[in-house]
Amino acid sequence: MGWKLVEGDGKRGLQKGLLQVKDLAGGDAAQNARILMDVFGGAQGPVADALNLNAGVALAAAQIAPDPATGVAMAQEVQRAGKAGGVLERWIETSKREAAAELGAQS
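Residues numbered from 1 in each chain as written. Predicted model: local features only at pLDDT ≥ 70, side-chain atom pairs only at ≥ 80, totals over all residues. Heavy atoms only, no water.

Caption draft 1: The packing of helix 2 (residues 46–61) against helix 3 (residues 68–81), seen in detail. Between helix 2 and helix 3, whose axes approach to 7 Å, the crossing angle comes to 125 degrees. Judged on the interaxial angle alone, helix 3 and helix 2 are oblique. By crossing handedness, the relation of helix 2 to helix 3 is classed as right-handed. When helix 2 is examined against helix 3, the residues Ala48, Leu51, Asn52, Leu53, Ala55, Gly56, Val57, Leu59 and Ala60 are found in contact with a partner set consisting of Pro68, Gly71, Val72, Met74, Ala75, Gln76 and Gln79. Residues that form the contact of helix 2 with helix 3 fall into these classes: eleven nonpolar, five polar and no charged. (Axes fitted to C-alpha atoms, helices over the stretch in contact; angles between N-to-C directions. Helix = DSSP H or I, 4+ residues; strand = E, 2+ residues; numbered from the N terminus. Parallel < 35°, antiparallel > 145°, perpendicular 65-115°, else oblique. Left-handed = near helix turned anticlockwise from the far one by under 90°. Contact = heavy atoms within 4.5 Å. Nonpolar A, V, L, I, M, F, W, Y, C, P; charged D, E, K, R; others polar.)

Caption draft 2: Quick peek at the packing of helix 1 (residues 29–40) against helix 4 (residues 83–106). The N-to-C vectors of helix 1 and helix 4 enclose an angle of 135 degrees; their axes lie 6 Å apart at closest approach. When the axes of helix 1 and helix 4 are compared, the pair comes out oblique. Residues Leu36, Met37 and Phe40 of helix 1 form the contact with helix 4, whose participating residues are Lys83, Ala84, Gly85, Leu88, Glu89 and Ile92. In terms of residue class, the contact of helix 1 with helix 4 is made up of six nonpolar, one polar and two charged.

Caption draft 3: Region of interest: helix 2. With 16 residues, helix 2 should reach 22 Å at 1.5 Å per residue; the first-to-last C-alpha distance of 23 Å fits that figure. Along helix 2, the residues that are buried comprise Ala48, Ala50, Asn52, Leu53, Gly56 and Ala60. Backbone geometry just after helix 2 places Gln63 at a positive phi near 60 degrees. (Expected span 1.5 Å × (residues − 1). Buried < 20%, exposed > 50% of the residue type's maximum accessible area, 1.4 Å probe, protein only.)

Caption draft 4: Summary view of the side chain of Gln79. Relative to the elements of secondary structure, Gln79 occurs in helix 3. In this structure Gln79 comes out as buried when scored by relative accessible area, which is 5%. There is a polar contact of 3.3 Å between the side chain of Gln79 and the side chain of Asn52. Apart from the residues lying within four places of it in its own chain, the contact partners of Gln79 are Val39, Phe40, Gly42, Ala43, Gln44, Ala48, Leu51 and Asn52. (Polar contact = N/O pair within 3.5 Å; in protein donor to acceptor, adjacent residues only side chain to side chain.)

Caption draft 5: Broad picture of unusual backbone geometry. The backbone of Gln63 shows a phi angle near 60 degrees, a positive value even though the residue is not glycine. If you trace the backbone, Gln63 turns up in the loop between helix 2 and helix 3. Of the residues examined, Gln63 reaches a relative accessible area of 71% and is grouped as exposed.

Encoded structure:
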């Protein structure tokens, strides 16, 4: 059993939810990369929920958010906007370019 962000009556909090490990199952490297790209692009679902929960707790631990629930809300806002997908794409392109340059320099 996992945790989920709940909202109602102007209040927010974390409570045990129905997320299970099997909900986070991926597959081979290509499938896992697609799942991550989808989530970073704004897709919703169990993987996004787990990502947002972890990010939210980290934001609270780093004192960027006043508490985990606010941190989760902040993470959800950013994740749902899908901007991380573009950042990840740029990192991939840069990594490939640098690897190619390094291989060229070794030749």
